[in-house]
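So the chains spell out like this:
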Amino acid sequence: MMENMEQDKVPAENLETVFSVDHVDIFYGNYRAVRDVTFTIPKNKVTAFIGPSGCGKSTILRCFNRLNDLIEIFSLKGKINYHGQDLYAPDIDPIEVRKRIGMVFQKPNPFPKTIYDNIVYGARVNNYKGDLDELVETSLRRAVLWDEVKDKLGESGFSLSGGQQQRLCIARTVAAQPEVVLMDEPCSALDPISTLKIEELMHELKENYTIVIVTHNMQQATRVADYTAFFNAEATDKGSKVGFLVEYDQTENIFGNPKHQDTKDYVSGRFG
Ligand SMILES: Nc1ncnc2c1ncn2[C@@H]1O[C@H](COP(=O)(O)OP(=O)(O)OP(=O)(O)O)[C@@H](O)[C@H]1O
């Protein structure tokens, strides 16, 4: 059994920590899906989660904006701090958390509304006092979609290609002015060209946001991520599988000079 090693907490190079995950276990009912995860996520960087199916990547990602709270049987042991504040403290409002920590999903999910209304939806709900036109332009520019849609803001979000829809969803997330953008396999439904566009976009977004991405595509992790966490799953004596963090480091080390044999095997395509 692999130990969780202290150095796997990583980012040392004087980076500000956004999330600090401390000995976290995650349960669905009695089933422990993830065990004893400890690491930190640095500000204004892209951090990728990789690992075989079922090792708990999405489960951990969804803890960062308290999305798992919507699952009745979910529970968490240990601590996740967000800028030093306990994200699961009783006085923390999960809805406020989700405003600051946005999420982009695997399949683009624009609202059945115009491009413009997709972007301003959250602002309208929150009685945003600023200029909506400006918000639309800024958000679409940040998602590198403005030039493609500026003449058709009144058309349905569904009229766009899959890749454009995903950038629209990113623009919608950005319009809520989050600090963190979580991405759960954001390119898995996209063609290679749209994928590259989203990857380029991530490089630009990290100037303003902290990004955490789950990806099955290892080339993608090497292209976009500053840090990479490799998770694995092992069988328990109850016959189920539990996910755990094997190794966390700068992406170039995970792929070029991993410390653990399992990481080596996974990144060289020998399993998973
Ligand atoms: N809502 C849920 N209820 C019960 N069990 C769940 C739920 N969501 C996930 N699990 C279980 O938790 C474990 C981790 O799942 P998770 O989806 O986080 O893994 P993953 O690494 O993201 O997998 P994939 O790469 O296939 O998306 C799996 O055994 C899964 O079946």
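Keep in mind that what you see is a predicted model, and the values were worked out from it rather than measured.

(A) View of helix α3 (residues 115–125). Taken together, the buried positions of α3 are occupied by Ile115, Tyr116, Asn118, Ile119, Val120 and Ala123. Residues of α3 that are buried make contact with α4 (132–142), α5 (146–149) and α6 (162–175). Directly beyond the C-terminal end of α3, a positive phi value near 50° is found at Asn127.

(B) The site of the ligand, seen in detail. As a matter of local geometry, the ligand sits amid 15 residues, with Ser53, Lys57, Ser58, Thr59 and His216 nearest to it. The backbone of Ser58 places a nitrogen or oxygen atom 2.9 Å from an oxygen atom of the ligand. Separating an oxygen atom of the ligand from a side-chain N or O atom of Thr59 is a distance of 2.5 Å. Protein contact buries 66% of the 640 Å² of open area that the ligand shows by itself. Contributions of two or more residues to the shell around the ligand are made by β2 (31–42) and α1 (57–63). If one sorts the elements of the shell around the ligand by residue count, α1 sits on top with four residues. Class assignment of the residues belonging to the shell around the ligand gives a composition of six nonpolar, six polar and three charged.

Calculation notes
- The residue count restarts for each chain, going from 1 along the sequence in the order it is written.
- Since the coordinates come from a predicted model, pLDDT governs what is reported: local features require at least 70, and pairs of side-chain atoms require 80 or more to be given and counted, while whole-chain, interface and lining totals use all residues.
- Note that water and hydrogens are dropped before the side-chain values are worked out from all heavy atoms of the structure.
- Classification of residues uses two cut-offs on accessible area relative to the type maximum, computed with a 1.4 Å probe and protein chains only: under 20% is buried, over 50% is exposed, and between them is partly exposed.
- Helix numbers and strand numbers start at the N terminus; a helix is a DSSP run of H or I with at least 4 residues, a strand a run of E with at least 2.
- Two residues qualify as a contact provided that any one of their heavy atoms is within 4.5 Å of a heavy atom in the partner residue.
- Near residues are defined by distance, with any heavy atom within 4 Å of the molecule or strand qualifying the residue.
- Polar contacts here mean pairs of N or O atoms no more than 3.5 Å apart (in protein, one a potential hydrogen donor and the other a potential acceptor; neighbouring residues in sequence count only if both atoms are side-chain atoms).
- In these tables, accessible area is a Shrake-Rupley quantity obtained with a 1.4 Å probe, and a residue counts as shielded only by the protein chains included in the view.
- Polarity classes work like this: nonpolar for Ala, Val, Leu, Ile, Met, Phe, Trp, Tyr, Cys and Pro, charged for Asp, Glu, Lys and Arg, and polar for all others, with Gly in that last group.

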